[in-house]
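# Residue-level structural notes
The primary structure of each chain is shown beneath.
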Amino acid sequence: MVPPPPGEESQSFVLPPGWQSYLSPQGRRYYVNTTTNETTWERPGGSGIPASPGTHRSPLPPTVNGYHASGTPAHPPETAHMSVRKSAADPQNLGSSSPGKKQSKENTITINCVTFPHPDTMPEQQLLKPTEWSYCDYFWADKKDPQGNGNVAGFELLLQKQLKGKQMQKEMSEFIRERIKIEEEYAKNLAKLSQNSLAAQEEGSLGEAWAQVKKSLADEAEVHLKFSAKLHSEVEKPLMNFRENFKKDMKKCDHHIADLRKQLASRYAAVEKARKALTERQRDLEMKTQQLEIKLSNKTEEDIKKARRKSTQAGDDLMRCVDLYNQAQSKWFEEMVTTTLELERLEVERVEMIRQHLCQYTQLRHETDMFNQSELERLEVERVEMIRQHLCQYIPTFLPVAIFLHNFTYYQHPKPDTTVEPVDQLLRKVDPAKDRELWVREHKTGNIRPVDMEI
């Protein structure tokens, strides 16, 4: 659209305030009220000869982001049936490209029905949780499935991690269960051995010592039975029962996000359909306008009015579809943020729970080992004392040796349990935040958040 040459309008007719004259691509003159966006083929002012047969006044719809409902730019004004945004390569080709395509190519890009800012023109986005490597910042895009030709959604990766964590928790519980079985079997064998009648006829002080040996086996068996019982109640059972319905909850969560994604895909398909319909209406209007210029039919003017209405309606339908699409994407976005933060919290909770119960396991081990160690030390003290007494009986005349044996006392410093201490050290170093950072660095799909689709 081009304005008339300077001075041409003033030579023939003075337009009222607020009105401007423009030429259509076919050279026809029409008039636009820049205040009300009213357009007409008739020269305004109530007098004068119409510029072309037939009068049509059509107020343009309200503008949105600089565009009318039918998609025409608000400035410079165009008739309501014109394309939303003309191709830069062919400014007079009405409907040559669907509305918003050029705008989308410049500012946004749609991948798997999700609209993202274009990498070349996007403004800088601030992470929602910049210093935490949070799930809500790094899993917006889809990732190519390494085992197939399809794509895996970022949320699906997070869900798989949660289910894997649940499986690891179950396997740890089964491991502790096997440990309990070993303890129970060991205690059973010790108790059985303590009832053995071998050397039962030994007499005197040695017989008493031998009886004490067998009794110590029974005591040790009791300690291991208590250890296995505590393992079951304080470690294995909590691990097994933690989040019993976790898989069901995750399945519901997966279906909810998947349904939102399907709804978003449906809305995107509706937008594309509306774009195509508007393009067809614009082409039809262009054809009828050309027929009017060459006056092929007396009914062409009425057909043009109908085509204008259909084109405007198609523009309105496109705006409605884009609005519904943006609403669906906004809902999916909100649910993604809320759900990923919840998955992040659940993972921290799971790691901390397992760490605490493994610490309880090592504590029980310490208690059992301390009993066993004290029992062994007691037996060793008895053995050394027996030898000392016998030596005192056989060497009473050798004074230096007798004095030494009389003053001799056996003492052994308690030794730490070297098998469990490394486990305690590593458990103290468990850090869910650090673990999450390493995992996110390896599996992230994209940190660019989606944006609204533009018309």
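Residues numbered from 1 in each chain as written. Predicted model: local features only at pLDDT ≥ 70, side-chain atom pairs only at ≥ 80, totals over all residues. Heavy atoms only, no water.

## What to know about a positive patch on the surface
A cluster of basic residues, R281, K306, R309 and K310, forms a positive patch at the surface. Sorting elements by how many residues they give to the positive patch places helix α6 (residues 300-394) first, with three residues. Looking at where R281 falls in the secondary structure, it is placed in helix α5 (residues 246-294). (Patch = residues over 30% accessible without salt bridge, like charges linked within 9 Å, V, L, I, M, F, W, Y side chains within 5 Å. Areas by Shrake-Rupley, 256 points an atom, 1.4 Å probe, with all protein chains shown as cover. Salt bridge = Lys/Arg side-chain N within 4 Å of Asp/Glu carboxyl O. Lys, Arg positive; Asp, Glu negative; His and termini not counted. Charge placed at Lys NZ, Arg CZ, Asp CG, Glu CD. Helix = DSSP H or I, 4+ residues; strand = E, 2+ residues; numbered from the N terminus.)

## Focus on the pairing of strand β2 (residues 29-33)
Counting buried positions over the five residues of β2 gives five, a clear majority of the element. As paired elements, strand β1 (residues 19-23) and β2 share five bridges and run antiparallel to each other. Bridge pairing links Y22 to Y30 in β2. Summarising the sheet, β2 and strand β3 (residues 38-40) pair through three bridges and their orientation is antiparallel. (Buried < 20%, exposed > 50% of the residue type's maximum accessible area, 1.4 Å probe, protein only. Pairing = 2+ DSSP bridges.)

## So, the confidence of the model for the protein
On average, residues of the protein score 78 in pLDDT, and 71% of them are at 70 or above. Per-element confidence in the protein is highest for helix α9 (residues 432-443), whose mean pLDDT is 95, and lowest for strand β5 (residues 63-64), whose mean pLDDT is 35. With pLDDT under 50 throughout, residues 5-11 is counted as low confidence; its partners more than four residues away or in other chains account for seven contacts. Confidence drops under a pLDDT of 50 for residues 46-105, and excluding neighbours within four residues, the segment shows 132 contacts in the predicted structure. (pLDDT = per-residue confidence, 0-100. Contact = heavy atoms within 4.5 Å.)

## Thoughts on the environment of F227
With respect to the element layout, F227 can be found in helix α4 (residues 204-241). Each C-alpha atom, one on F227 and one on E184, is 8.9 Å from the other, the two residues being 43 residues apart in sequence. Beyond its immediate chain neighbours, meaning those up to four positions away, F227 contacts R179, E183, Y361, L364, R365 and T368.

## Re the packing of helix α3 (residues 154-194) against α4
With their axes 8 Å apart at the nearest point, α3 and α4 run at an angle of 165 degrees to one another. For the element pair α3 / α4, the angle class is roughly antiparallel. Handedness of the crossing formed by α3 with α4: left-handed. Looking at the contact of α3 with α4, its residues break down into 17 nonpolar, six polar and eight charged. (Axes fitted to C-alpha atoms, helices over the stretch in contact; angles between N-to-C directions. Parallel < 35°, antiparallel > 145°, perpendicular 65-115°, else oblique. Left-handed = near helix turned anticlockwise from the far one by under 90°. Nonpolar A, V, L, I, M, F, W, Y, C, P; charged D, E, K, R; others polar.)

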